[in-house]
Amino acid sequence: MSKRSLSFICQNCGAAAPRWQGKCEACGEWNTLTDESGRPSGPGRAPRKGRLFALEPLAGEAHDAPRLPCGIAELDRVTGGGFVRGSVLLMAGDPGIGKSTLLIQAAAAMARAGQRAVYISGEEAVAQVRLRAERLGLRDAAVELAAETAVEDIIATLSEGRTPRLVVIDSIQTMWTDLVESAPGTVTQVRGSAQALIRFAKRSGAAIILVGHVTKDGQIAGPRVVEHMVDAVLSFEGEGSHQFRILRAVKNRFGPTDEIGVFEMTGAGLREVANPSELFLSERELGTPGTAVFAGIEGTRPILVEIQALVTPTSLGTPRRAVVGWDQSRLSMVLAVLEAHCGVRLGGHDVYLNVAGGLRITETAADLAAAAALVSSLANAPLPADAVYFGEVSLSGAVRPVAQGPARLKEAAKLGFARAVVPEAAREAADQGLKVSDVASLSSLVADIAALGRGNQAAKSVRQDG
Ligand code: TYD
Ligand code: MG
């Protein structure tokens, strides 16, 4: 009977240990091991006879999740049509990005539509929240405010009277519950508080939004654990120097995860941007080498965005490759294809690639636009200002078709672009009033761009074999 069981479980990473220790050896967190050997088992104790329940067929009656649109169209788009009753959503983002601003605006919009909306701040005093609401012109909205951090008190208060439709908890990191002994702000506290609030949401039918700050390395600070407990995780992103803010669903049990919502931070709060392409292209400098317009798709919406490249001779032994807003390994791949199949020598050049406006592109369809920008910079040859690019580049140097070509072309035509450089197969689908030139391979694109810069010295370096 001396078999030692692994009954101490780390509350942060789930590792098991045979005895209590101050520090979890698996994840390095302090004070996270708890004894979970609670239930006595083994001989002498008859197992409980289970209760029977009915199994249901898959084909049965299903109800759409009841939704509560808040009226801010860009937010409703990302949640998939509104907050789902009884669901819990985590809104994650860097400090200062505008989470509190967006959520007080959402709460006010709900309150104005006659729904009960409650905003609990654990970070700011009621007066501070009021001050912000006044700046945003929301003073008349019947949002109920409190500055509280004790979860049991919050749940007791919210259980009184009419059930609130929307509850904002700003932020989950400031909350604490009696059920857990560790100090506020610790992983265990954050998880305990989130659990209690999730139980309340399921029981009452209120939609709860938890605000979570992320750390510098992009992780949702401490409560990574909260991420898989909630129904949806929205991440609010943006570059400090830009006014644009992008809301993206990272996880969504009730809706899509590829939609983005675009906002602009103004003096009077966050403004919705219904046509992001206009915004992303508004600061475009025409006629400069190294920029290409990519006709992309985010979720169901086409978005045109400028891709900027800078290719300069390197002064270091190892050339630099830096990328903002796109995938580093995707860039390496495009560079390798340019070297291997198109005769473009980049070994002696630093390469910088940037997606304008702080947007982050995940589509492989951006390959062709990125390649065009890179070659344009190297050849010092500006691309035509009225052209858009899209297409995926394969390792063999072929340009492959991508999904939703017609939608991309339509958006480009709407914004006044006159031509599109696209994969060969996308041609038939194209009759959107644009002049479509198709490229079968990356080397023909390179040849076209080199021809644009003919006569200048830099262009000669592009095609050493031609
Ligand atoms: P906030 O919503 O407090 O950010 P978070 O809750 O994510 O930490 O937003 C803070 C920033 O937003 C702050 O730097 C000022 C700016 N801001 C505006 O530019 N305009 C406004 O109307 C408001 C309310 C804030
Ligand atoms: Mg805040």
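A short tour of the structure in this document, coming up. (Residues numbered from 1 in each chain as written. Chains lettered and ligands numbered in written order. Predicted model: local features only at pLDDT ≥ 70, side-chain atom pairs only at ≥ 80, totals over all residues. Heavy atoms only, no water.)

## What about the overall build of the chain?
Step number 1: Scanning the chain for helices and strands turns up 12 helices and 23 strands.
Step number 2: The long-range share in the chain, meaning contacts at least 24 apart out of those at least 6 apart in sequence, stands at 65%.
Step number 3: In the form shown here, the chain has an accessible surface area of approximately 22,600 Å², with 51% of it arising from carbon and sulfur atoms. (Helix = DSSP H or I, 4+ residues; strand = E, 2+ residues; numbered from the N terminus. Contact = heavy atoms within 4.5 Å. Areas by Shrake-Rupley, 256 points an atom, 1.4 Å probe, with all protein chains shown as cover.)

## Re the packing of aromatic side chains
Centre distance and the angle of the planes are the two values used to describe a pair of aromatic rings.
Step number 1: Throughout the structure, instances matching the rule amount to 2 aromatic pairs.
Step number 2: Ring geometry for F236 against F263: centres 6.0 Å apart, planes inclined by 85°, an arrangement best described as edge-to-face. With F236 in strand β11 (residues 232-237) and F263 in strand β13 (residues 260-266), this residue pair connects regions lying 27 residues apart in the sequence. Neither residue differs from the other here; F236 and F263 are each classed as buried.
Step number 3: Sitting over the ring of F390, R408 keeps its end group 5.4 Å from the ring centre. (Phe/Tyr/Trp six-rings, centres within 6.5 Å; stacked < 30°, edge-to-face > 60°. Buried < 20%, exposed > 50% of the residue type's maximum accessible area, 1.4 Å probe, protein only. Lys NZ or Arg CZ within 6 Å of the ring centre and 35° of its normal.)

## Focus: the site of ligand 1
Step number 1: Taken together, 16 residues surround ligand 1, and among them G96, K99, S100, T101 and G269 come closest.
Step number 2: With respect to ligand 1, the backbone of G96 contributes an N or O atom lying 2.7 Å from an oxygen atom.
Step number 3: At 2.8 Å, a backbone N or O of G269 approaches an oxygen atom of ligand 1.
Step number 4: For ligand 1, whose free accessible area comes to 560 Å², the fraction covered by protein is 74%.
Step number 5: Listed by contribution, the elements that provide at least two residues to the shell around ligand 1 are α2 (99-112), α3 (126-135) and β13.
Step number 6: Counting residues per element, the shell around ligand 1 draws most heavily on α2, which supplies 3 residues.
Step number 7: In terms of residue class, the shell around ligand 1 is built from 5 nonpolar, 7 polar and 4 charged. (Near = heavy atom within 4 Å. Polar contact = N/O pair within 3.5 Å; in protein donor to acceptor, adjacent residues only side chain to side chain. Nonpolar A, V, L, I, M, F, W, Y, C, P; charged D, E, K, R; others polar.)

## What to know about helix α4 (residues 151-159)
Think of an α-helix as 3.6 residues a turn; residues three or four steps apart then line up on the same face.
Step number 1: Listed in full, the buried residues belonging to α4 are V151, I154, I155 and L158. Looking straight down α4, one finds its buried side chains confined to an arc of 95°; they lie on one side.
Step number 2: Check the buried side of α4 and you find it contacts β7 (117-121), β9 (166-170) and α5 (187-204).
Step number 3: At the C-terminal side of α4, G161 shows a positive phi close to 65°. (Arc of directions from axis to C-beta.)

## Here we look at the packing of helix α9 (residues 367-379) against helix α11 (residues 442-452)
How two helices pack is summed up by the angle between their axes together with the distance between the axes.
Step number 1: The contact between α9 and α11 brings their axes to 10 Å, and the two run at 35°. Crossing angle aside, the handedness with which α9 passes α11 is right-handed. Contacts from L368, A371, A372, V375 and S376 in α9 reach L442, L445, V446 and I449 in α11. (Axes fitted to C-alpha atoms, helices over the stretch in contact; angles between N-to-C directions. Left-handed = near helix turned anticlockwise from the far one by under 90°.)

## Quick word on empty space enclosed by the protein
Step number 1: By the definition in use, this model includes 3 cavities of 30 Å³ or more.
Step number 2: Space inside the largest cavity adds up to approximately 90 Å³.
Step number 3: The wall of the largest cavity is formed by 13 residues, among which R284, T291, L383, P384 and A385 lie closest to the centre.
Step number 4: When contributions to the lining of the largest cavity are tallied by element, the ones reaching two or more residues are β15 (291-298) and β19 (387-389). (1 Å grid on protein atoms, 1.4 Å probe; cavity = no way out; pocket = protein on both sides within 12 Å on 5 of 7 lines; lining within 4 Å. Points joined across faces, edges and corners; volume = space filled by probe spheres on them.)

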